[in-house]
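Working through the structure, step by step
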Amino acid sequence: MSDIADIVERSLAAETEATFTERVDEQAARLRKAIAAGEMDNDEFAVGLEMEVYAVAQSADAADGGEVGRLATLPAGVFESAANKELGVHNAELNTDPNVLDGEGLARQAESIGEQFDDGQAAAADHGAALVLDAMWTIPPAEGSLDYLDAVDWHDDVTVAQNMRPAPRYVAIDNHARRLTDGEISLEVPGADHTFQTILFESLATSIQPHLQIPTAESFPEYYNAAIRTLGPVLALSANSPFLPADCYNAVSDPQTLVDETSHELRIAVFEQSVNHTEEKKVRVPRDISDAADVVDRVVADDLYAPFLREWVDDGDRETFHDDNWEFDHKRGTYWRWLRCVVGGDPVGTGDERSLRIEYRPIPTQPTIRDVVGMQALTAGLIRGLVAADHPLTELSWDDAEQSFYSAVEDGLDADLAWVSSDGDRTTDSDTIFGEVFEFAQRGLRESGVPEEDIDHYLGPIEARWDNGETPSVWKKARVREGLDQGLSLEAAITEMQREYIDRSQRQPSFAEWTENRR
């Protein structure tokens, strides 16, 4: 741990900032030239995926508290599979290699993420734990959520959260946030108001992040700006985190009122409040771009967070593209917009050696693998379809797009959304908006060669959410209301809802098959 503390101290030193910034500037200049020279262009659209999960106790004798459904530490064996470590000791991330966006590519994405999840699940089961496809854990560990999230160790001036992965990058970001806030990091949502010593409460939430490779730098702004305007309706369809762990609620006078007032997507507030402490908010809806190189400029101009120098973690020669741009990539990793660009990732298909990819970040983890891939297909197909059809959606003002996003955060499918329809009219009619969302997602997949039966397979369960008026967050709220109506306490109602959610997610292939028509 002393080695980590030493790196953290170096990260936050003034001289590191100067060296890091100089390197980022130099690397950014090379990236701009590479983009202009077409070195990021490719022949194919391609898709990839990142998916975060968390672990719970699956048996009464599990090591982490013994109660089925309680948050649990992931056993080391999980990371001997394809799983990667994440912020909390209860978190893991799974990643697919990108595939061409077509029928075979989407099938490979579904197969890959399913295989990785099954492998991780088998490793967790050996230790009485289970991986959960969910957007926010709500059954606390044995010691309680607040004690778990606020437990720290001290190493001179460096604070290390006991339940955070002891990775230098995480610890440095955490300590930078602490210094920006004088050691008090607040979380305030309906019914809960707390101050923590670290950013670990960000590990309450998990997400999926679809990637879409754009073939040319010239066309990249059109896709990126269209994607910004889809954030609201896509988030509304995917909402899945309306509740914190029940022992976090300390300001509830009426539980039924809390259920009504809580956001459909608390994950957004949790992430924003955990790290938005610089002069300019780092977690927000990004502004439009006019040139692909703008995505490089945005990273350069972004407020600094926990700078690192490559030689601290790898003192070998800089032999690869990633090595040559290591500091820029490190800074891009803290450019936490709800939409961002991956510059220079490995390409898919025929073309040059690098790529430009849109990373779509606000979608919460979904209840089943089929739902995860369905949201991936919806996102990629929609962005592709809007541009292929020369849809006028980018005529919608950026302010309207941002307001739509935060309205979806609060109200899910009932959000006040804004859209420009295919005939060029601004509309707030939800039937028109979601009708076009599915129409142009289907078109984008069709343009990419995805067979009709596959399009129905991927998008059908997502479209059923709109038809039935029920997303995972709507289902969760309804189940908690029912528990309260039956006389349960708020904590018991949330716990019963969560256990039913875990059980259904493990037994049924898609969320649509859980639900009843509530409209």
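Treat the numbers as computed from the prediction; the structure is a model and nothing was measured.

Rules used in this analysis
Residues numbered from 1 in each chain as written. Predicted model: local features only at pLDDT ≥ 70, side-chain atom pairs only at ≥ 80, totals over all residues. Heavy atoms only, no water. Helix = DSSP H or I, 4+ residues; strand = E, 2+ residues; numbered from the N terminus. Rg over C-alpha atoms; globule rule 2.2 N^0.38 Å. Buried < 20%, exposed > 50% of the residue type's maximum accessible area, 1.4 Å probe, protein only. Contact = heavy atoms within 4.5 Å. Areas by Shrake-Rupley, 256 points an atom, 1.4 Å probe, with all protein chains shown as cover. Pairing = 2+ DSSP bridges. Phe/Tyr/Trp six-rings, centres within 6.5 Å; stacked < 30°, edge-to-face > 60°. Lys NZ or Arg CZ within 6 Å of the ring centre and 35° of its normal. Polar contact = N/O pair within 3.5 Å; in protein donor to acceptor, adjacent residues only side chain to side chain. Salt bridge = Lys/Arg side-chain N within 4 Å of Asp/Glu carboxyl O. Expected span 1.5 Å × (residues − 1). Core = buried A, V, L, I, M, F, W, Y, C linked by side-chain atoms within 4.5 Å. Patch = residues over 30% accessible without salt bridge, like charges linked within 9 Å, V, L, I, M, F, W, Y side chains within 5 Å. Lys, Arg positive; Asp, Glu negative; His and termini not counted. Charge placed at Lys NZ, Arg CZ, Asp CG, Glu CD. pLDDT = per-residue confidence, 0-100.

Points about the overall build of the protein
- A tally of helices and strands in the protein yields 18 helices and 13 strands.
- For 519 residues, the compact-globule estimate of 2.2 N^0.38 gives 24 Å, and the protein sits close to it at 22 Å.
- By principal-axis analysis of the C-alpha atoms, the protein measures approximately 65 × 60 × 40 Å.
- Of all 519 residues assigned to the protein, the portion counted as buried reaches 62%.
- Summarising the internal contacts of the protein: among those between residues at least 6 apart in sequence, 75% fall at separations of at least 24.
- When the accessible surface of the protein is totalled, it reaches about 19200 Å², and 41% of it is carbon and sulfur.

Overview of the pairing of strand S8 (residues 192–196)
- Only one face of S8 is buried: it carries Ala192, His194 and Phe196, and the other face, with Asp193 and Thr195, is open.
- In sequence, strand S7 (residues 185–189) turns back onto S8 through a hairpin of two residues, with Gly191 there showing a positive phi of about 85°.

A short note on the pairing of strand S4 (residues 129–132)
- Neither face of S4 is exposed, since Ala129 and Leu131 on one face and Ala130 and Val132 on the opposite face are all buried.
- By the bridge criterion, four bridges tie strand S1 (residues 46–57) to S4 in an arrangement that is antiparallel. Paired with Tyr54 across the two strands is Val132, which belongs to S4.

Observations concerning the packing of aromatic side chains
- Per the counting criterion, the structure on display carries 15 aromatic pairs.
- Considering the side-chain rings of Tyr305 and Trp336, the 5.3 Å spacing of their centres and the 65° angle between planes classify their relative orientation as edge-to-face. With Tyr305 in the loop between helix H10 (294–301) and helix H11 (321–324) and Trp336 in the loop between helix H12 (326–332) and strand S10 (339–345), this residue pair connects regions lying 31 residues apart in the sequence. Trp336 matches Tyr305 in its accessibility class, with the two residues each being buried.
- Just above the ring of Phe79 sits the side chain of Lys85; from NZ or CZ to the centre is 5.7 Å.
- Taking the ring centre of Trp398 as reference, the NZ or CZ of Arg287 above it sits at 3.6 Å.

Quick look at the environment of Thr278
- With respect to the element layout, Thr278 can be found in the loop between helix H9 (266–275) and H10.
- For the pair Thr278 and Gln213, spaced 65 residues apart in the sequence, the C-alpha separation amounts to 30 Å.
- Residue contacts for Thr278: discarding those within four places in its chain leaves Leu180, Asp303, Leu304 and Tyr305.
- At 2.7 Å, the side chain of Thr278 and the backbone oxygen of Glu280 are in polar contact.
- Polar side-chain contacts of Thr278 include one of 3.4 Å to the side chain of Asp303.

Looking at the pattern of salt bridges
- In the structure shown here, the tally under the stated rule is 27 salt bridges.
- Of the charged contacts, one joins Asp6 and Arg10 as a salt bridge, the two residues approaching to 3.2 Å between their closest N and O atoms. Here Asp6 pairs with Arg10, and both are found in helix H1 (residues 2–11), just four residues apart, close to one helical turn.
- Residue classification places Asp6 among the partly exposed residues on the basis of a relative accessible area of 41%.
- Exposure remark for Arg10: the relative accessible area of 34% places this residue in the partly exposed category.
- Between Lys476 and Asp134 there is a salt bridge, with its nearest N and O atoms 2.7 Å apart. On the criterion of sequence distance, the pair formed by Lys476 in helix H17 (residues 472–485) and Asp134 in the loop between S4 and helix H4 (145–150) is long-range, its members being 342 residues apart. Accessibility assignment for this pair places Lys476 and Asp134 in one class, buried.
- Through salt bridges with shared partners, one network takes in Arg23, Glu311, Arg318 and Glu327.

With respect to helix H13 (residues 369–388)
- Between the first and last C-alpha of H13 there are 28 Å, a value that for 20 residues agrees with the 28 Å anticipated at 1.5 Å per step.
- The element H13 is largely enclosed, with a buried count of 18 among its 20 residues.
- Positive phi appears at Asp390, one or two residues downstream of H13, with a value of about 55°.

Description of the nonpolar core
- In this structure, Met51, Phe220, Leu244 and Leu378 are the most contacted members of the largest nonpolar core, which totals 163 residues.
- Broken down by element, this core gets its largest block of residues, 11 residues, from H13.
- Look past the residues within four positions of Met51 in its chain and what remains in contact with it is Ala92, Glu93, Leu94, Ile113, Phe117, Leu133, Ser207, Ile208, Thr365, Ile369 and Val372.

Regarding a negative patch on the surface
- A cluster of acidic side chains, namely Glu410, Asp411, Asp414 and Asp416, defines a negative patch on the protein surface.
- Among the structural elements, Asp414 can be located in the loop between helix H14 (398–411) and strand S12 (419–420).
- When its relative accessible area of 60% is taken as the criterion, Asp414 is described as exposed.

A closer look at H14
- With 14 residues, H14 extends 20 Å between its outermost C-alpha atoms, agreeing within 8% with the 20 Å of an ideal straight helix rising 1.5 Å per residue.
- For H14, the complete set of buried residues consists of Trp398, Asp400, Ala401, Ser404, Phe405, Ser407, Ala408 and Val409.
- In this fold, the buried residues of H14 make contact with helix H6 (220–228), helix H7 (231–238), H9 and strand S13 (426–427).
- In the segment just after H14, Gly412 is the residue with positive phi, at about 55°.

Some remarks on unusual backbone geometry
- For Asp156, which is not glycine, the phi torsion reads 55° and is therefore positive.
- By secondary structure assignment, the location of Asp156 is in the loop between strand S5 (152–155) and strand S6 (158–161).

A short note on the confidence of the model for the protein
- Mean pLDDT over the protein stands at 93; residues scoring 70 or higher make up 96%.
- Taken together, the stretch residues 62–66 has pLDDT below 50 and engages in 11 contacts with residues farther than four places along the chain or on a different chain.

Brief notes about the side chain of Thr96
- By secondary structure assignment, the location of Thr96 is in strand S3 (residues 91–100).
- Within the structure, the side chain of Thr96 is placed 3.0 Å from the backbone nitrogen of Leu49, a separation counted as a polar contact.
- A polar atom in the side chain of Thr96 sits 2.8 Å from the side chain of Gln109.
- Residue contacts for Thr96: discarding those within four places in its chain leaves Gly48, Leu49, Gln109, Ser112, Ile113 and Gln116.

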